[in-house]
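Spelled out, the chains give:
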Amino acid sequence: QDCMIRRGKWYEMQRLPFVPGSDLVGVVHAMGNEAVTNSRYKVGDKVASVVPSGGNARYITLPYEKVIPAPQDTDSDVALCVTSTYVPAREALDLGRKLNTPLTN
């Protein structure tokens, strides 16, 4: 999807200025008071997330609930590959639980 957006071929074009990128892995640069108090993360932790857009930005601000830990000693490209398959799978399971499907009781 990101490649098609950059080429102007995606069916739903975004208004400019637009920063593409839906999957990201990065390092926590700063945290707000609520995140410091309520999350397990600290500055310097490697995290991953899936966002609607903006993942290719140098910096992005996200709620701490929207990130997951990424392996600290893993190359960011490898961590991105793992998390870009993990996050949609987890979201599907969460949706299944909400819908009370036979696979999730």
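Bear in mind that the values here come from a model prediction, so they are computed numbers and not experimental data. (Residues numbered from 1 in each chain as written. Predicted model: local features only at pLDDT ≥ 70, side-chain atom pairs only at ≥ 80, totals over all residues. Heavy atoms only, no water.)

(A) The overall build of the protein, seen in detail. Scanning the protein from N- to C-terminus turns up 3 helices and 3 strands. In sequence order, the protein lays out its α and β elements as α-β-α-β-β-α. Split into buried and exposed, the 105 residues of the protein put 24% on the buried side. Considering only residue pairs separated by 6 or more positions, the protein has 49% of its internal contacts joining residues 24 or more positions apart. For the protein, the exposed area adds up to about 8000 Å²; of that, 55% sits on carbon and sulfur atoms. (Helix = DSSP H or I, 4+ residues; strand = E, 2+ residues; numbered from the N terminus. Buried < 20%, exposed > 50% of the residue type's maximum accessible area, 1.4 Å probe, protein only. Contact = heavy atoms within 4.5 Å. Areas by Shrake-Rupley, 256 points an atom, 1.4 Å probe, with all protein chains shown as cover.)

(B) The pattern of salt bridges, seen in detail. Applying the stated rule across the entire model yields 1 salt bridge. Close ionic contact of Lys42 with Asp45 constitutes a salt bridge, the shortest N to O distance being 3.0 Å. The exposed category is assigned to Lys42, whose relative accessible area is 52%. Owing to a relative accessible area of 10%, Asp45 belongs among the buried residues under this scheme. (Salt bridge = Lys/Arg side-chain N within 4 Å of Asp/Glu carboxyl O.)

(C) Main features of the confidence of the model for the protein. Per-residue confidence for the protein gives a mean pLDDT of 83; residues scoring 70 or more make up 85%. Predicted confidence in the protein is weakest over helix α1 (residues 2-6), with a mean pLDDT of 69, and strongest over helix α2 (residues 33-38), with 95. (pLDDT = per-residue confidence, 0-100.)

(D) Region of the structure containing the sheet that holds strand β3 (residues 68-69). Read from one edge of the open sheet, 3 strands run β1-β2-β3, paired in antiparallel fashion. Strand pairing shows two members of the sheet lacking a second neighbour, β1 (23-27) and β3, which therefore form its edges. Sitting on the sheet, helix α3 (residues 76-99) touches β1, β2 (46-50) and β3, and the angle it makes with β1 is about 125°. (Pairing = 2+ DSSP bridges. Axes fitted to C-alpha atoms, helices over the stretch in contact; angles between N-to-C directions.)

(E) Structural detail: the nonpolar core. Ala48, Ile68, Ala70, Ala79 and Val87 together form the largest nonpolar core, which totals 5 residues. Contact partners of Val87, with chain neighbours within four places excluded, come to Val50 and Ile68. (Core = buried A, V, L, I, M, F, W, Y, C linked by side-chain atoms within 4.5 Å.)

(F) The arrangement of the side chain of Ser39 in detail. Tracing the sequence through the fold places Ser39 in the loop between α2 and β2. Not counting the four nearest positions on each side in its chain, Ser39 is found in contact with Met31, Glu34 and Tyr64.

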